[in-house]
Amino acid sequence: MSMRDRLRTMGLGAFGLLLVIVSWEVIGRNQLLGRTFPALSDVLATIVDPARRGLFQRALEATIGSALRGFVFGSIIGFAMAALGVIFPPLRAGLDRLAAVMHAVPLIALGPFLIVTLSREGTPTAIATLAVVFNVFVATSAGLRVGNPLHHDVLTVLGAGSWERFRRLELPGALPFIADGLKLAAPAAVIGAILGEWFGAPRGIGIVIVSSLQNYQIDLLWSAALLGAMLSLVAFGAFSVLERWVVGRFR
Amino acid sequence: MLSPGAELSSESDKSADGSTDPSIEHDDISISTSPVLPHVDASEIGPANLSLSGVTKRFPLGRNDTVLALDDISLDIAPGEFVALLGPSGCGKSTVLRLLCGLEEPTGGDVRIRGCHPSELVADHRLGVAFQDHALLPWATVADNVALPFKVAGQPVDNDRVRSLLELVGIAEFAKARPKQLSGGMRQRVSIARALALRPEVLLLDEPFGALDAVTRRRMNLELQDIWSTDQITTVLVTHSVEEAVFLADRVVVMTGRPGRIQTIRTPGFERPRSPELLRSPEFHELVDELTIALDEEPA
Ligand SMILES: Nc1ncnc2c1ncn2[C@@H]1O[C@H](COP(=O)(O)OP(=O)(O)OP(=O)(O)O)[C@@H](O)[C@H]1O
Ligand SMILES: [Mg+2]
């Protein structure tokens, strides 16, 4: 992409963002969509309100913690499942089916089940983990399978076994795909953690959302939702940068 | 049919007949013709002999169609011998090499290296192959690509060996570069260096100099000849250059296509080491012309 194209894309992005901010403010200020749609400035004022500072901080800490743990556990599990399928091909079909089943069960339906089997504290991490596993498993499996057949031939005639082949060829070749999977898994972990909190975690952004909804605290509800969205965007942005680097390095 | 090449040959019977029990016969000959070299790796086991006997290869083509790529190929290659394969595009030269390195199984007939399936030599990491398409790992540096055979074999990387190979193929300054930063010809040379890394017993080269200019190509030919005369590696070289084949090889095998068959075999028996002057000698040109005509001939 040339410098000019890049500037154009950035310009368009900034313009879009500005459009959203302005229309949000106008709609909210004039209550065009009713009393439950506050102006952006009111939402931002709530977020920076010193009286709310402690609440948001504790909530963010809890959600970030659960999302991070879920992200790490989920990535490890998803990666290990995909790697197992490549190193021990007989396991592959079973692992694919397991991942498909896991994906087919809606995470929200697992909530009550996790609450009783795990704990109210553990549920956000568990749901974040599940949300990440599938993304990472699918991306890693795809990446490990694309391998260039010519490279396979090279490794074969060098006398490489399946472990050497995995380590020298399949893994480095899969890294761009894995990075892409992580990029999608990072916001999924945030959303999974917030979803898990709805089932009664002690604190977290999800809890702020649920309780402000019940108490009809519209500004607070929007503030928490906005914070959650920002968190997930930041996670996405950070892993986009990582992905771009990995693609440049390994492809 | 007598060729000038055959007449010139001092050891034309080295393996040209290849009829009965080639392994024993060739072992005898190699001992009698070549002095025992003071080479640690080579003298332990010695270079390997290769044999293709009655090999046919069919590939599936479409739903229930097949193509006969090779038809009844028989060729015995003595230990330490250098054989060049010539033939029109699509006649099955790469297929012969893929059979020899065990990447394909013959549909009929037998492919043996030192009497065993090629996979045995592969498992010992004693086979060096440079593919038609260089197939370098894009994420590894040039030096790491040449060091790959050491790593795969679980051996410590011999950095001096890697450096000297890169010098040999003339790309030492690019050791830290990545393949995509090199030209096509440079990538081919890296892949030759990689094939040589572990001092293989058998070297299979598929048009390794195809992307090189005439001068570099000639220089690489001379260097390949040096390696070959010190290490006595059994070598099969696929090439489109008749001069290259005649200059380097003990035997030149000409193939015809559809299906791939051996049309004729010539034995350039010129004395070794062969110097660039040979390229100007009338005997050399006579053989080159003859092979060029053979390549042009339609199969009977
Ligand atoms: N994997 C394959 N599947 C189907 N057909 C194949 C396959 N590999 C080779 N062939 C066929 O076998 C024949 C010989 O191919 P091969 O690559 O050995 O030719 P070649 O002599 O190396 O040609 P070139 O000089 O162009 O490299 C061709 O007709 C090709 O279509
Ligand atoms: Mg070929």
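As a convention, each chain's residues are numbered from 1 in the sequence order in which they are written. Chain letters start at A and ligand numbers start at 1, both assigned in the order the entries are written. For a predicted model such as this one, the threshold for reporting local features is a pLDDT of at least 70, and the threshold for listing and counting side-chain atom pairs is 80 or more; totals across whole chains, interfaces and linings nevertheless cover every residue. Remark: hydrogens and water are excluded; side-chain values derive from all non-hydrogen atoms of the structure.

Peer 1: Looking at this model, I keep getting lost on the packing of aromatic side chains. Mind explaining?
Peer 2: By convention here, two paired aromatic rings are described through the distance between centres and the angle between planes. Note on ring pairs: Phe, Tyr and Trp rings are taken, using the six-membered ring of Trp, and paired if centres are within 6.5 Å. Classes follow the plane angle, with under 30 degrees stacked, over 60 edge-to-face and the rest tilted. All chains considered together, the criterion is met by seven aromatic pairs over all chains. Taking the ring centre of Phe250 of chain A as reference, the NZ or CZ of Arg249 of chain A above it sits at 5.0 Å. In this analysis the charged atom, NZ for Lys or CZ for Arg, is taken to sit over a ring once it is within 6 Å of the ring centre and within 35 degrees of the ring normal.

Peer 1: Where do I start with the coordination of the magnesium ion (ligand 2) in this structure?
Peer 2: As a benchmark, a tetrahedral metal site with four donors has ideal angles of 109.5 degrees, while an octahedral site with six donors has ideal angles of 90 or 180 degrees. Surrounding the magnesium ion (ligand 2) are the protein donor atoms Ser94 of chain B (OG) and Gln132 of chain B (OE1), which sit 1.9 to 2.3 Å from the metal. In this pair, Ser94 of chain B is assigned in helix α4 (residues 93–100) and Gln132 of chain B in the loop between β5 (127–130) and α6 (142–152), connecting sequence segments 38 residues apart. Metal donors were taken as nitrogen, oxygen and sulfur atoms no farther than 2.8 Å from the ion, or 3.2 Å where the ion is Na, K or Ca. Water is excluded, so coordination may look unfinished. Helix and strand definitions follow DSSP, with helices as H or I runs of at least four residues and strands as E runs of at least two, each counted in order from the N terminus.

Peer 1: Teacher, can you tell me more about the nonpolar core here?
Peer 2: One broad rule of soluble globular proteins: the nonpolar side chains tend to lie buried together. Throughout, nonpolar core names a set of buried Ala, Val, Leu, Ile, Met, Phe, Trp, Tyr and Cys residues whose side chains join them through atoms within 4.5 Å. Using a 1.4 Å probe on the protein chains alone, a residue whose accessible area is under 20% of its type maximum counts as buried, one over 50% counts as exposed, and one in between counts as partly exposed. In this structure, Leu166, Val246 and Phe284 of chain B are the most contacted members of the largest nonpolar core, which totals 52 residues. In this structure, Leu169 of chain A together with Ala48, Val152 and Val202 of chain B belong to the second largest nonpolar core, which totals 45 residues.

Peer 1: Would you mind showing me how to read the sheet that holds strand β8 (residues 251–256) of chain B here?
Peer 2: Residues and elements named next belong to chain B. Whether two strands pair comes down to DSSP finding at least two bridges between them. Taken in spatial order, the six strands of this open sheet run β5-β6-β7-β3-β8-β9, and their pairing is mixed. In this open sheet, the two strands that pair with only one neighbour each are β5 and β9 (261–266). With strand direction ignored, the average angle separating the axes of adjacent strands in the sheet is 15°. Here strand β3 (residues 82–86) runs beside β8; their pairing, made up of four bridges, is parallel. Residue pairing across strands places Leu86 opposite Val254, the latter belonging to β8. Against the sheet, helix α8 (residues 184–196) touches β5 and β6 (202–206), its axis set at about 175° to β5. Interaxial angles span 0 to 180 degrees and are taken between N-to-C directions of axes, which are lines fitted to C-alpha atoms, for helices over the stretch in contact. Any two residues having at least one pair of non-hydrogen atoms within 4.5 Å are treated as being in contact.

Peer 1: Looking at this structure, how should I read the pattern of salt bridges?
Peer 2: Opposite charge on two side chains allows them to pair when their charged atoms are near. All names here are of chain A. Just to be clear on terms, a salt bridge is a Lys or Arg side-chain nitrogen sitting within 4 Å of an Asp or Glu carboxyl oxygen. With the rule as written, the count across this model stands at 23 salt bridges over all chains. The residue Arg168 makes a salt bridge to Glu164 at a minimum N-O spacing of 2.9 Å. Of this pair, Arg168 and Glu164 both sit in helix α8 (residues 162–197), four residues apart, which is roughly one turn of that helix. The buried category is assigned to Glu164, whose relative accessible area is 14%.

Peer 1: Please clarify how the site of ligand 1 should be interpreted in this entry.
Peer 2: All names here are of chain B. In these notes, residues near a molecule or strand are those with any non-hydrogen atom within 4 Å of it. Near ligand 1 there are 13 residues, and of these Ser89, Gly90, Lys93, Ser94 and Thr95 occur at the shortest range. Here an oxygen atom of ligand 1 sits 2.7 Å away from a polar atom, N or O, in the main chain of Gly90. For this analysis, a polar contact is any N or O atom pair within 3.5 Å, provided that within protein one partner can donate a hydrogen and the other can accept it, and provided that sequence-adjacent residues contribute only side-chain to side-chain pairs. A distance of 2.5 Å separates an oxygen atom of ligand 1 from a polar atom in the side chain of Thr95. In isolation ligand 1 has 630 Å² of accessible area, and contact with the protein removes 67% of it. Broken down by secondary-structure element, the contributors of at least two residues to the shell around ligand 1 are β1 (50–61) and α4. Among the elements that line the shell around ligand 1, the one with the most residues is α4, at three residues. We get accessible surface area from the Shrake-Rupley algorithm with a probe of 1.4 Å; when it comes to residues, only the shown protein chains can shield them.

Peer 1: Is there a simple way to think about the interface of chain B and chain A in this case?
Peer 2: Interface size, as often reported, equals the accessible area lost upon joining of the parts. Across the boundary between the two partners, chain B contributes 21 residues, which contact 19 residues of chain A. For the pair chain B and chain A, the summed buried surface comes to about 1,900 Å²; carbon and sulfur atoms form 67% of the total. Salt-bridge contacts for Asp153 of chain A lead to Arg98 of chain B; the nearest nitrogen and oxygen are separated by 2.9 Å. The interface formed by chain B and chain A contains seven residue pairs in polar contact (both at pLDDT 80 or more). Listed by contribution, the elements that provide at least two residues to the side of chain B that touches chain A are β5 and α6 of chain B. In terms of residue class, the side of chain B that touches chain A is built from 14 nonpolar, one polar and six charged. Using a 1.4 Å probe, buried area is obtained as the accessible area two parts lose upon being combined, added over both of them. Just so you know the grouping, Ala, Val, Leu, Ile, Met, Phe, Trp, Tyr, Cys and Pro go in nonpolar, Asp, Glu, Lys and Arg go in charged, and all remaining residues, Gly too, go in polar.

Shape is all these values report; function is a separate question.
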